Amino acid sequence: RNTVAVLIDDSRSMRVRDWGGKARADAASALFGAETPLRRALEAQFGVRVYRFAEEAAPAGAVDSLAFAGERTRLGAALDRVREDLDGVPLSGVVVLTD
């Protein structure tokens, strides 16, 4: 089964309110929360692996578990971590939610 990696920015800037008056973190939850239509559609066709990233990347069980407290966003390091973790896994795509 092919896999899709979802990387969600866990930095403080995701708390900024500009998405219809809601925080960017709320947009991430609305798109990739456990029971959202997009998440369910992806899971119907792929294995989905969710990662949080700020200074470092790490697997995340759920978007709701993110603190959105990281000091900086290191996207390159996050992509490297996913590449290492999923080496040898059939990877169909990587979705990145960041500001």
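Notes on the structure in this doc start here. (Residues numbered from 1 in each chain as written. Predicted model: local features only at pLDDT ≥ 70, side-chain atom pairs only at ≥ 80, totals over all residues. Heavy atoms only, no water.)

1. Description of the nonpolar core
Line of reasoning, step 1. The biggest cluster of nonpolar side chains holds 15 residues, and the ones touching the most others in it are V6, I8, F32, V50, L66 and F68.
Line of reasoning, step 2. Looking at this core, the elements that each hand over two or more residues are β1 (3-9), α1 (24-32) and β4 (47-53).
Line of reasoning, step 3. The contacts of V6, once residues within four sequence positions are left out, are F32, V48, R49, V50, Y51, V95 and L97.
Line of reasoning, step 4. Core analysis: the next-biggest nonpolar cluster, separate from the first, contains 8 residues, Y51, F53, A57 and L86 among them. (Core = buried A, V, L, I, M, F, W, Y, C linked by side-chain atoms within 4.5 Å. Buried < 20%, exposed > 50% of the residue type's maximum accessible area, 1.4 Å probe, protein only. Helix = DSSP H or I, 4+ residues; strand = E, 2+ residues; numbered from the N terminus. Contact = heavy atoms within 4.5 Å.)

2. Regarding the environment of N2
Line of reasoning, step 1. Within the fold, N2 resides in the segment before β1.
Line of reasoning, step 2. Judged by its relative accessible area of 37%, N2 falls in the partly exposed class.
Line of reasoning, step 3. When the C-alpha positions of N2 and L31 are compared, they lie 21 Å apart, and in sequence the two are 29 residues distant.
Line of reasoning, step 4. N2 has contacts with F46, G47, P90 and S92, leaving out every residue within four places of it along the chain.

3. Comments concerning unusual backbone geometry
Line of reasoning, step 1. One non-glycine residue with positive phi stands out, namely F68, at about 50°.
Line of reasoning, step 2. Looking at the secondary structure, you find F68 in the loop between β5 (57-59) and α3 (75-85).

4. Quick look at the pattern of salt bridges
Line of reasoning, step 1. The full count for this structure, using the stated rule, is 7 salt bridges.
Line of reasoning, step 2. Across the pair R52 and D10 runs a salt bridge, and its minimum N-O distance is 2.9 Å. In this pair, R52 is assigned in strand β4 and D10 in the loop between β1 and β2 (17-19), connecting sequence segments 42 residues apart.
Line of reasoning, step 3. For R52, a relative accessible area of 22% gives the class partly exposed.
Line of reasoning, step 4. For the salt bridge of R24 with D18, the shortest nitrogen-to-oxygen distance reads 2.7 Å.
Line of reasoning, step 5. The partly exposed category is assigned to R24, whose relative accessible area is 23%.
Line of reasoning, step 6. Connected via shared salt-bridge partners are D18, R24 and D99. (Salt bridge = Lys/Arg side-chain N within 4 Å of Asp/Glu carboxyl O.)

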